[in-house]
Amino acid sequence: MRNVYMTVELEAIYDQTVEFVKREVTPHGQDWEAAGMVPRDVLRQMGSLGMLALRIPEEHGGLGLGMLASATFAEALGTSTFAGFDVTVLVHTDMAGPHLFNSGTPAQLEQWAPGVVNGQTILSIAVTEPDAGSDVAGIRTSAKKDGDGWRLNGSKTYITNAVYGDLTIVAAKTDPGNKYGITMFLVPAGSDGFTVSKKLDKHGWRCSDTAELVLDNVWVDDSQVLGTVHRGFYETMKNFQNERMVLVGMGVGAAQVALDLTADYCQNRPAFGGHLFDKGAIRQRLAMNQAKVDAVRASMYHAAWLGDQGIDNVRAMSGVKAWGCEVVNEVMYDCLQFHGGIGYMRESVIERMTRDARILPIGGGATEVMLEEVAKRL
Ligand SMILES: Cc1cc2nc3c(=O)[nH]c(=O)nc-3n(C[C@H](O)[C@H](O)[C@H](O)COP(=O)(O)OP(=O)(O)OC[C@H]3O[C@@H](n4cnc5c(N)ncnc54)[C@H](O)[C@@H]3O)c2cc1C
């Protein structure tokens, strides 16, 4: 067993996922990076293997597992070395998906769950706007009641999976007198007035598609309200710990691969009559990084376990999001350093992994915001 929280089922999820990415992702990732997208076939294949349904309740065709399963899955995806692929999957399964299954009505779940499970319907969640990221209450997209539906107006940015995805969960202000008066809406791609104004060009995560969106008088009927009117802010918060966790998980999986690659490289790279690994400065820094990655991994699984027990894990998870994502970046920095010039070349794996890691301390709760969550609970 890899750690005390593992069960036979979780180990099988880890092994199956690592095996899948090794076979179906890593060999093709470079082409997907160039195309700026993950082919839908791969996501459908994952769907057919049950890999998109770990967190989905059994009555909707899923496995009904908890946070430990998501942590395991995210860590295993991280071994792909293509974090853009990892996040494409995790936005669907662990960032957007939980809102649908936590708040969806029986009719909404009947309509959408089968496609979400089998990978035919790829999800995105649109909260961030040009003027409001960390401060979710600052969003300006509005939804106004109009007969038996709503009119949505505004814009969203940095939305993962929204260029090629099928269904977006859109956050909009519905109570102008209350800054937390937000409602979530299910908006299918192709709805009148709902357009991708720009496919964004990113520093890393290049095979993940990221959209800027415009909502121009988009009409949705009442059946497309997800959850309770004006309560979307609080309902979204229910999934925050899970979102934070999977970003750490994919980072830990990637950091371990980066360390393994770098140790191997240094053991074989001739220098000064021996190999780079003979140098104490290098060997010890890699060893310290390994110790940090082990600690982040253990903290993440512990915070996941707390969540699965129903114990408040906000301090634990915010802390590991803040610290863990910084550690992943320190590891990538050192791994690139010890690769020398080749580490700076586009052809090297470590160059891509270093770029990919940079977003981890920004997205899904920036380090500073996470530390405020911890500070409030000191
Ligand atoms: C590649 C990518 C994919 C994304 N995918 C999605 C998605 O699918 N859906 C979605 O809704 N959003 C998505 N986002 C948005 C992401 O969650 C935000 O970028 C993030 O929340 C930060 O918001 P911001 O960019 O507006 O930065 P700001 O909120 O303007 O913050 C800028 C910086 O200021 C600092 N800061 C912020 N607040 C504080 C504070 N209270 N105290 C101290 N320092 C602070 C942090 O260092 C932060 O990085 C994505 C972003 C990227 C880049």
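Residues numbered from 1 in each chain as written. Predicted model: local features only at pLDDT ≥ 70, side-chain atom pairs only at ≥ 80, totals over all residues.

K.L.:
Before we go on, may I ask you to explain the overall build of the chain in this structure?
P.N.:
Within the chain, the secondary structure is distributed over 12 helices and 10 strands. For a compact globule of 378 residues, the expected C-alpha radius of gyration is about 21 Å, and the chain comes in at 21 Å, within 12% of that figure. With respect to the principal axes defined by its C-alpha atoms, the chain has extents near 80 × 40 × 40 Å. Taking all 378 residues of the chain together, the buried fraction comes to 47%. Nonlocal contacts in the chain, meaning residues at least 24 apart in sequence, comprise 75% of its contacts between residues at least 6 apart. (Helix = DSSP H or I, 4+ residues; strand = E, 2+ residues; numbered from the N terminus. Rg over C-alpha atoms; globule rule 2.2 N^0.38 Å. Buried ≥ 20, exposed ≤ 12 C-beta atoms within 10 Å, placed from the backbone. Contact = placed C-beta atoms within 7 Å.)

K.L.:
Looking at this structure, I do not really get the packing of helix H10 (residues 314–339) against helix H12 (residues 367–376). What am I missing?
P.N.:
Geometry of a packed helix pair, given as the angle between the helix axes and the separation of the axes. Packing of H10 against H12 leaves a shortest axis separation of 8 Å and a crossing angle of 150°. Judged on the interaxial angle alone, H12 and H10 are roughly antiparallel. The way H10 lies across H12 gives a crossing that is left-handed. Between H10 and H12, the residues in contact are Val314, Arg315, Ser318, Gly319, Lys321, Ala322, Cys325 and Glu326 and Thr367, Met370, Leu371, Glu373 and Val374, respectively. Looking at the contact of H10 with H12 residue by residue, the class counts come to six nonpolar, three polar and four charged. (Axes fitted to C-alpha atoms, helices over the stretch in contact; angles between N-to-C directions. Parallel < 35°, antiparallel > 145°, perpendicular 65-115°, else oblique. Left-handed = near helix turned anticlockwise from the far one by under 90°. Nonpolar A, V, L, I, M, F, W, Y, C, P; charged D, E, K, R; others polar.)

K.L.:
Looking at this structure, how should I read the domain arrangement of the chain?
P.N.:
Put simply, an interface is often sized by how much accessible area is lost when its parts join up. Here the chain is described as being made up of domain 1 (8–121), domain 2 (124–229) and domain 3 (239–376). Relative placement of domain 1 and domain 3: their C-alpha centres are 22 Å apart. If you look at the interface, domain 1 gives 21 residues, while domain 3 gives 21 residues. Partitioning the side of domain 1 that touches domain 3 into residue classes produces 11 nonpolar, seven polar and three charged. (Domains from an automatic or database assignment.)

K.L.:
How do you make sense of helix H8 (residues 240–268) when you look at a structure like this?
P.N.:
Each α-helix turn comprises 3.6 residues. Residues three or four places apart therefore point the same way. Its 29 residues give H8 an end-to-end C-alpha distance of 43 Å, which sits within 8% of 42 Å, the value for a rise of 1.5 Å per residue. Taking burial as the measure, the 29 residues of H8 include 21 buried ones, the bulk of the element. (Expected span 1.5 Å × (residues − 1).)

K.L.:
Looking at this structure, how should I read the nonpolar core?
P.N.:
What tends to happen in soluble globular proteins is that the nonpolar side chains get buried as a cluster. In this structure, Ile169, Val170, Phe185, Met300 and Val328 are the most contacted members of the largest nonpolar core, which totals 111 residues. Ignoring any residue separated from it by four or fewer positions in sequence, one finds Met300 in contact with Ala71, Met245, Val248, Gly249, Val252, Val320 and Gly324. (Core = buried A, V, L, I, M, F, W, Y, C linked by C-beta atoms within 7 Å.)

K.L.:
Can you help me understand the pairing of strand S4 (residues 167–173) in this one?
P.N.:
For S4, the buried fraction is high: seven of the seven residues fall into the buried class. Going residue by residue along S4, you find Leu167, Ile169, Ala171 and Lys173 tucked away on one face and Thr168, Val170 and Ala172 tucked away on the opposite face as well. When strand S1 (residues 123–126) meets S4, the two strands line up parallel, connected through four bridges. Opposite Ile125, over in S4, you have Ile169 as the bridge partner. Where S4 lies against strand S5 (residues 182–188), seven bridges are found, and the strand directions are antiparallel. Counterpart to Val170 in the pairing with S5 is Phe185. (Pairing = 2+ DSSP bridges.)

K.L.:
Could you clarify how one ought to interpret the site of the ligand in this entry?
P.N.:
Close to the ligand lie 22 residues, the nearest being Thr128, Gly133, Ser134, Tyr158 and Glu368. In terms of residue class, the shell around the ligand is built from 11 nonpolar, eight polar and three charged. Two domains each donate at least three residues to the shell around the ligand, and these are domain 2 (124–229) and domain 3 (239–376). (Near = placed C-beta within 6 Å.)

K.L.:
Sorry if this is basic, but what is going on with the environment of Ser103 here?
P.N.:
Positionally, Ser103 belongs in helix H5 (residues 83–103). The buried category is assigned to Ser103, around which 22 C-beta atoms lie within 10 Å. Ser103 sits 125 residues away from Thr228 along the chain, and the two C-alpha atoms are 8.0 Å apart. In contact with Ser103, other than residues within four places in its own chain, are Leu226, Gly227 and Glu235.

K.L.:
Where do I start with the environment of Thr174 in this structure?
P.N.:
With respect to the helices, strands and loops of the structure, Thr174 is situated in the loop between S4 and S5. Exposure remark for Thr174: the 22 C-beta atoms within 10 Å place this residue in the buried category. Separated by 122 residues in the primary sequence, Thr174 and Leu52 have C-alpha atoms spaced 32 Å apart. If near-sequence neighbours (up to four positions away) are discounted, Thr174 is found in contact with Ala143, Gly181, Ile182, Thr183, Val229 and His230.

K.L.:
What's the story with helix H9 (residues 280–308) in this structure? I'm lost.
P.N.:
Taking 1.5 Å per residue as the helical rise, H9 with its 29 residues ought to reach 42 Å, and the 42 Å between its terminal C-alpha atoms agrees with that figure. Those residues of H9 lying buried are Ile282, Leu286, Asn289, Val293, Val296, Arg297, Met300, Tyr301, Ala303, Ala304 and Gly307. Against the buried residues of H9 lie helix H4 (67–78), H8 and H10. Of the residues one or two after H9, Gly310 is the one with positive phi, at around 80°.

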